[in-house]
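What follows is each chain in one-letter form.
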Amino acid sequence: VTDSAELIPRPGPAAAPPDDPPGSSLRAVPMTGGVALSGEVDMRAWSSLEVAVRAAIEESPGEDVLLELSEITFIDGHAVGVLAAMAGELEPGRRLVLRHPPWVLRRIVETLDLDREPALIIEEPRAG
Amino acid sequence: VTEFDHPALLYGSLDHFLETMVPFVRAGVDNDEVVFVATRADNVDALHDELGTGAGAARLADTDQWYPHPAARLRAFHTFVTRELNAGAVRIRLAGEPVWRPEPPEFVREWQRYESVLNAVLEPFPATLLCLYDASRLDPSVLATAHQTHRTVHLDGQAVASAAFQEPDRLLSLWNPELAPPPPTAVRAHTVTDLAAARTFLAEHALTADVRPDRAMDLSVAANEILTNALIHADGPVALWAWTAEDRFVCQIEDQGPGVADPLAGYRPPPASREGERGLWLARQLVDLLQLVSADTGTAVRLHVRRG
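None of these values were measured; they are calculated from a predicted model.

The rules behind the values
Residues numbered from 1 in each chain as written. Chains lettered and ligands numbered in written order. Predicted model: local features only at pLDDT ≥ 70, side-chain atom pairs only at ≥ 80, totals over all residues. Heavy atoms only, no water. Pairing = 2+ DSSP bridges. Helix = DSSP H or I, 4+ residues; strand = E, 2+ residues; numbered from the N terminus. Axes fitted to C-alpha atoms, helices over the stretch in contact; angles between N-to-C directions. Parallel < 35°, antiparallel > 145°, perpendicular 65-115°, else oblique. Contact = heavy atoms within 4.5 Å. Nonpolar A, V, L, I, M, F, W, Y, C, P; charged D, E, K, R; others polar. Buried area = accessible area lost by both parts, 1.4 Å probe. Salt bridge = Lys/Arg side-chain N within 4 Å of Asp/Glu carboxyl O. Polar contact = N/O pair within 3.5 Å; in protein donor to acceptor, adjacent residues only side chain to side chain. Core = buried A, V, L, I, M, F, W, Y, C linked by side-chain atoms within 4.5 Å. Buried < 20%, exposed > 50% of the residue type's maximum accessible area, 1.4 Å probe, protein only.

(A) Representation of the pairing of strand β1 (residues 27-31) of chain A. Sheet analysis places β1 of chain A next to strand β2 (residues 34-41) of chain A, joined by five bridges and oriented antiparallel. Note on β2 of chain A: the bridge partner recorded for Ala-28 of chain A is Leu-37 of chain A.

Below you can see the structure in the form of structure tokens.
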């Protein structure tokens with residue numbers, strides 16, 4: 001065995017790329033039509049988030065992409081900006097649907113005027 | 001006229017206010033401009049009565065109710081102008097009265113900084129913004145700043161080019177705050193490399209200090225943005241302090257990074273804001289006051305939210 005690291009189960013989600021610093025609490029579980037995310041999205045989870053959402057976008061070509069965010073407890077401005085940018089890059093007719101986002105996400109979308117992005121949809125936001 | 005025009009009106013009485021504002025609104029309506037005025041409630045009533053049906057589609061608002069916070073007001077004006085121009089307006093005609101309250105001097109200063117920033121932020125747009133100053137009530141030191149933040153000042157019925165005017169980047173540098181060190185009562189966070197722990201530290205201390213839960217959350221989101229910038233750009237350690245100061249809860253983030261050279265950083269609305277500035281814009285919007293002092297040896301950012 002030359003590469004013993006391959007045999008050791010990696011902690012965290014398979015989608016987490018090696019360039020996120022340790023300690024990211026973001027978890028991504030693929031689901032029909034999208035991905036369910038949980039945890040906190042700060043700078044340690046930026047690339048994990050992008051990888052997970054990009055995978056979901058490629059998984060269902062031509063369709064809306066659903067992000068189930070009911071278990072997300074924090075997200076920062078950069079991460080919300082990344083989601084809006086990815087929504088803007090979808091082919092015409094496709095949308096990125098953010099379901100059950102935390103209150104902080106709505107606050108950031110509104111403050112950064114990201115609600116001008118027509119392909120970014122917010123569904124059933126949470127109060128907390 | 002396609003350029004941005006940003007004069008100030010120093011009115012000495014209600015009559016003087018109406019003498020300027022009635023023709024100002026009527027001319028806008030006659031030119032098919034979009035007209036919006038935010039002024040004190042008593043001025044709104046008087047202007048409304050005087051204009052009668054001549055108000056046309058002009059909108060009047062109570063300045064104490066219409067985004068009465070400098071950063072929010074800046075964003076509201078910018079959103080108003082861009083939305084109306086996108087909807088087909090040829091020119092926008094605005095008048096706005098800053099909200100002068102009996103507040104600590106750094107809060108008053110922030111309105112003055114915002115008055116200066118408007119020169120830069122609305123500069124690309126075909127718009128007029130007439131800023132209203134009640135010369136009969138305001139402190140002479142406040143009136144003096146109107147001459148520094150506006151190229152033209154309407155005084156005693158005459159428009160005069162202001163010799164005291166300074167470009168926003170210059171004026172904001174002159175008006176940079178001097179921040180005393182955190183007081184002895186300040187609590188320092190053990191670690192800030194764990195952002196989740198830093199957010200919890202701030203939210204808990206803010207709640208203990210009777211900050212409303214939604215404002216405690218705003219503060220921790222804002223501080224997270226500043227800490228993120230510091231952790232990305234700073235070489236050395238990053239420090240986080242929190243304390244209470246009378247009716248406010250305050251936190252301060254210090255880094256030893258290369259500093260923020262642009263005095264207007266975080267004042268430009270997205271998407272015009274540069275990469276890396278978006279966090280600072282967000283933070284300025286979310287707290288009651290953000291103060292930033294920067295040198296090439298490091299940066300200190302102080303965030304204030306009201307208690308209760």
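(B) Representation of the packing of helix α2 (residues 77-89) of chain A against helix α3 (residues 103-111) of chain A within the structure. Residue and element names in this part refer to chain A. α3 packs onto α2 with a crossing angle of 70° between their chain directions and a minimal axis gap of 10 Å. As summarised for this structure, α2 and α3 are arranged roughly perpendicular, according to the angle between their axes. Contacts between α2 and α3 pair Gly-77, Val-80 and Leu-83 from the former with Leu-105, Ile-108 and Val-109 from the latter. Residues belonging to the contact of α2 with α3 are distributed by class as follows: five nonpolar, one polar and no charged.

(C) Just the interface of chain A and chain B, in detail. Tallying the contact residues gives 19 residues for chain A and 25 residues for chain B. For the chain A and chain B pair, buried surface summed over both sides reaches about 1800 Å², with 58% attributable to carbon and sulfur atoms. The salt bridge involving Arg-199 of chain B is made with Glu-40 of chain A; its shortest N-O contact spans 2.4 Å. There are eight residue pairs in polar contact (both at pLDDT 80 or more) connecting chain A and chain B. Secondary-structure elements contributing two or more residues to the side of chain A that touches chain B are α2 and α3 of chain A. Sort the elements by how many residues they give to the side of chain A that touches chain B and α3 of chain A lands first, with six residues. A class-by-class count of the residues in the side of chain A that touches chain B yields seven nonpolar, four polar and eight charged.

(D) Structural view of the nonpolar core. Leu-83 and Leu-96 of chain A together with Leu-240 and Leu-303 of chain B are the most contacted members of the largest nonpolar core, which totals 112 residues. Ranked by residue count, the leading element in this core is helix α8 (residues 213-233) of chain B, at eight residues. Setting aside chain neighbours within four positions, we find Leu-303 of chain B in contact with Leu-219, Ala-222, Ala-223, Phe-249, Val-250, Cys-251, Ile-253, Val-287, Leu-289 and Leu-290 of chain B. Counting 18 residues, the second largest nonpolar core, distinct from the first, contains Phe-17, Val-25, Val-37 and Leu-47 of chain B.

(E) Examining the sheet that holds strand β1 (residues 8-11) of chain B more closely. All names here are of chain B. Pairing is mixed across the open sheet formed by seven strands, whose spatial order is β3-β2-β4-β5-β1-β6-β7. The sheet is open, and its two edges are formed by β3 (59-62) and β7 (158-161), each paired on a single side. On average, each strand axis in the sheet is inclined to that of its neighbour by 20°, with strand direction left out of account. Note that β1 and strand β5 (residues 127-134) share four bridges and pair parallel. Looking at the pairing, Leu-10 lines up with Tyr-133 of β5. In the packing of helix α3 (residues 70-86) onto the sheet, the strands contacted are β2 (34-39), β3, β4 (92-96) and β5, and the crossing angle to β4 comes to about 160°.

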